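Here's the letter readout for the chains.
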Amino acid sequence: MLQLRNITKHFADRAIFDNIDWHVRPTDKIGLCGENGAGKTTLLKLLAGRYEYDGGAVQAAKGTTFGYLPQEGLNHTGSSLFEEVRSALAELLALEQELGCLEKRISTNHQQADMDRYAEAQELFKQRGGYEMEAEIGKILKGLGFSEDDWGKPCAHFSGGWQMRIALAKLLLQRPTLLLLDEPTNHLDLPAREWLEAYLISYPHAVILVSHDRYFLDRVVSRIVEIWNGKLTEYPGNYSRYLIERERRVAELQAAKARQDEEIAKTEAFINKFRFNANKAALVQSRVKQLEKVERIIAPPARKRIYFRFPDPPKGGRTAVELHAAAQHYGELKVLDEINLSVEKGERIALVGANGAGKSTLMRMLSGVELPLHGKRVEGHNLHLAYFAQDQARTLDGDKSVLEQISAAAPFDMVPRLRDILGTFLFSGDDVHKRVKVLSGGERNRLALAMLLLRPANLLLLDEPTNHLDLQSKAVLLDSLKHYKGTLVFVSHDRYFVDKLATRVIEVGDGRATSHLGNYADFLRAKERGGDLSHSRQRVEQRDGDSRESEPAADKDERRRDHAVRKDAQRAEKKRQKELEQLEATIERKESEQAALEQLMADPALYQDAARWRTTSAAYETIKDELTALYTRWEELQLAETG
């Protein structure tokens, strides 16, 4: 379908792509992965024709059509939502207009040519789905979260996130043979993500996408292409399999590189030793030519394993915060009505629901930033809360640098780790010296989140903390929140994040807040048992003939097996977390002992006492070996969770 041959692309003196070859097949579902700045967006723009390449060739099969969704810069004005989306079907609309004109001509003048063309155009209109056009538009708009009340609204009334949905709706209607999506899940709530996931799984043509939603990648793609050092490396399977295979491949490459470096060092040592020995001149020249022919192995660096832990929270009561018959109305709009909610100590509660359902309003009421119009909010004993709002970045000082801003907010014992923490939130190198006022909106949000998570609190309220984070940063944040010893209420549109973290899910919508024990997968099953088929997973099962009605016994058995597997996984994860905590405490103790011995060994007086020096030196070597083993086990446990 599409081939890239020896493609090169430079920005200034930096090579983004270096003679890459790549083949895309007609029904491929491909996820692009790589560090920030590796070239994922650049590759999509090259394929979409938005960027010119410096060398090589792109060959596309005849009839290939391209559809590209960028991350930003989308703005639709001048027409209603329905008309704007409908305009994507320009060819069908032209056919519809031609049919109307032909009908008028035929009604007054029965020309055979007009009748023949009418029959041909009518058949073409039918084949291309013209008679289902309005229904298809409605289905896609509903799936992406637009209500019928929105259809007649001017596009200019919709915010940036909804503008992206408009562009996505137009693309899906056009059904290009190569769909290029750059962060399509940005600004989508969970129901819209699930709908898009199901749509793309059944999409009949090729899809290449970039996404920071791990669950979305796992469900949609069947191949991962990693961009690193100007090259593309393919991994069959989804994102979870890619993580495992990449670790294995990088380990093999690093081992091969170590062997090659050793051979090269031996050869260079031979050359240097006998360079001026006339009797060895032929051998030296042979080794020089041998070195010139060696193709040096370049191994991707092992990903740095970053982790941080929250300060221990102050002790609080059994209940963190409660709402009693709480309601919030804005004029005639009733957002929340008669909400009774108790947040218990140690819970990790996820608020889910469509955009505009009232999740952020509920978070503001829990935080005390916004008092309920009716009812009351009651704080638990010794409550210390930290609240991250979607507009948290407004509290930052624009004249401070990133490092100055976070240093001012950090407890003293966290200061040595601030650069690592900033790296977790995608601030590295000279980025830490940028003034806050020159940061993008996403960068300011990441900095505000990093600052908030350093404060000792026994209740964290996080409204969409995963926005603007890449996959690795989400993994670090997820691991840290799992180890957090306080209480957590959060909103996230990342299914994997919610699944791994939540112990209770509260569905917000229609003025109510309905509680479900368990994570998001448990919540979906509870909805299904209640007959709610509004989620994409159930729609996909019915489409494929796997609904409970058709195979009740098999379905029950499968759900029992899934439940047993899930319980086993939860027990294993609990055991892993416990070992991790014990391991980290041991590592911290051993590192302190090692530091004390290093300080002792730096004292010249130690070397005056030979017996004492031997004892100290032996103790140091023992601790060093113990730490090596502890670090290895810690990495194994971290990798076990990643896989």
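Throughout what follows, the structure given in this document is the object of discussion. Predicted model, so just to flag it, every value in this text is computed and none were measured.

1. Thoughts on the pattern of salt bridges
Here comes step 1: Scanning the entire structure with this criterion turns up 35 salt bridges.
Here comes step 2: A salt bridge links Arg504 to Glu347; its shortest N-O distance comes to 2.8 Å. Of this pair, Arg504 sits in strand β17 (residues 504-509) while Glu347 sits in the loop between β11 (333-344) and β12 (348-352), placing them 157 residues apart in sequence. Each of the two residues, Arg504 as well as Glu347, counts as buried.
Here comes step 3: Between Glu507 and Lys527 there is a salt bridge, with its nearest N and O atoms 3.0 Å apart. Taken as a pair, Glu507 in strand β17 and Lys527 in helix α17 (residues 520-529) lie far apart in primary sequence, 20 residues in all.
Here comes step 4: One salt-bridge network, held together by shared partners, links Arg25, Asp28, Arg223 and Glu234.

2. Some details on unusual backbone geometry
Trans peptide bonds make up most of the peptide bonds, and negative phi angles are found at most residues other than glycine.
Here comes step 1: One non-glycine residue with positive phi stands out, namely Glu183, at about 55°.
Here comes step 2: Note on placement: Glu183 falls in the loop between β6 (178-182) and α7 (190-201).
Here comes step 3: Glu183 sits in the buried class, given a relative accessible area of 4%.

3. Notes on the environment of Ile406
Here comes step 1: Relative to the helices and strands, Ile406 resides in helix α12 (residues 402-409).
Here comes step 2: For Ile406, a relative accessible area of 0% translates into the label buried.

4. Structural notes on the sheet that holds strand β5 (residues 66-69)
Here comes step 1: Within the open sheet, the six strands sit side by side as β5-β6-β7-β3-β8-β9. Their pairing is mixed. The strands lining the two open edges of the sheet, one partner per strand, are β5 and β9 (231-236). Across the sheet, the mean angle separating the axes of adjacent strands is 20° when strand polarity is ignored.
Here comes step 2: Taken together, the four bridges between β5 and β6 define a ladder with parallel strand orientation. Bridge assignment links Tyr68 to a residue of β6, and that residue is Leu180.
Here comes step 3: Sheet contacts for helix α6 (residues 160-174): β5 and β6; angle to β5, the most-contacted strand, approximately 170°.

5. Quick word on the nonpolar core
Here comes step 1: Counting residues in hydrophobic clusters, the biggest one holds 53 residues, and the most contacted among them are Leu181, Leu200 and Leu209.
Here comes step 2: Per-element accounting of this core gives the leading share, nine residues, to α6.
Here comes step 3: Apart from the residues lying within four places of it in its own chain, the contact partners of Leu209 are Ile30, Gly31, Leu32, Leu181, Leu200, Phe216, Leu217, Val220 and Val221.
Here comes step 4: Listed in part, the 48 residues of the second largest apolar core include Phe310, Leu447, Leu481 and Ala502.

6. Comments concerning the environment of Glu52
Here comes step 1: Within the secondary structure layout, Glu52 lies in the loop between α1 (40-48) and β4 (55-60).
Here comes step 2: Judged by relative accessible area, Glu52 falls into the exposed class, the value being 62%.
Here comes step 3: In sequence terms Glu52 and Val335 are 283 residues apart; their C-alpha atoms lie 49 Å from each other.

7. Overview of the sheet that holds strand β1 (residues 2-11)
Here comes step 1: With antiparallel pairing, three strands are arranged side by side in an open sheet as β2-β1-β4. Each of the sheet's edge strands pairs with one partner strand only, and the pair in question is β2 (14-24) and β4. Across the sheet, the mean angle from the axis of one strand to that of its neighbour is 20°, orientation sign disregarded.
Here comes step 2: Taken together, the five bridges between β1 and β4 define a ladder with antiparallel strand orientation.

8. Some details on the packing of aromatic side chains
Here comes step 1: Scanning the entire structure with this criterion turns up 12 aromatic pairs.
Here comes step 2: Look at Tyr235 and Tyr242: their rings are 5.1 Å apart centre to centre, the planes differ by 75°, and that puts the pair in the edge-to-face class. Neither Tyr235 nor Tyr242 differs from the other in exposure class; each is buried.
Here comes step 3: Their ring planes at 55° and their centres at 4.9 Å tell us that Phe270 and Phe274 sit as a pair that is tilted. Residue Phe270 and its partner Phe274 are both found in helix α9 (residues 239-274); the two are separated by four residues, about one turn of the helix.
Here comes step 4: Residue class for Phe270 comes out buried when judged on its relative accessible area of 18%.
Here comes step 5: Ring pairs connect the aromatic residues Phe146, Phe158 and Trp162, which therefore count as one cluster.
Here comes step 6: Here the basic side chain of Arg287 rests over the ring of Phe270, its NZ or CZ set 4.2 Å away from the ring centre.

Conventions used here
Residues numbered from 1 in each chain as written. Predicted model: local features only at pLDDT ≥ 70, side-chain atom pairs only at ≥ 80, totals over all residues. Heavy atoms only, no water. Salt bridge = Lys/Arg side-chain N within 4 Å of Asp/Glu carboxyl O. Helix = DSSP H or I, 4+ residues; strand = E, 2+ residues; numbered from the N terminus. Buried < 20%, exposed > 50% of the residue type's maximum accessible area, 1.4 Å probe, protein only. Pairing = 2+ DSSP bridges. Axes fitted to C-alpha atoms, helices over the stretch in contact; angles between N-to-C directions. Contact = heavy atoms within 4.5 Å. Core = buried A, V, L, I, M, F, W, Y, C linked by side-chain atoms within 4.5 Å. Phe/Tyr/Trp six-rings, centres within 6.5 Å; stacked < 30°, edge-to-face > 60°. Lys NZ or Arg CZ within 6 Å of the ring centre and 35° of its normal.

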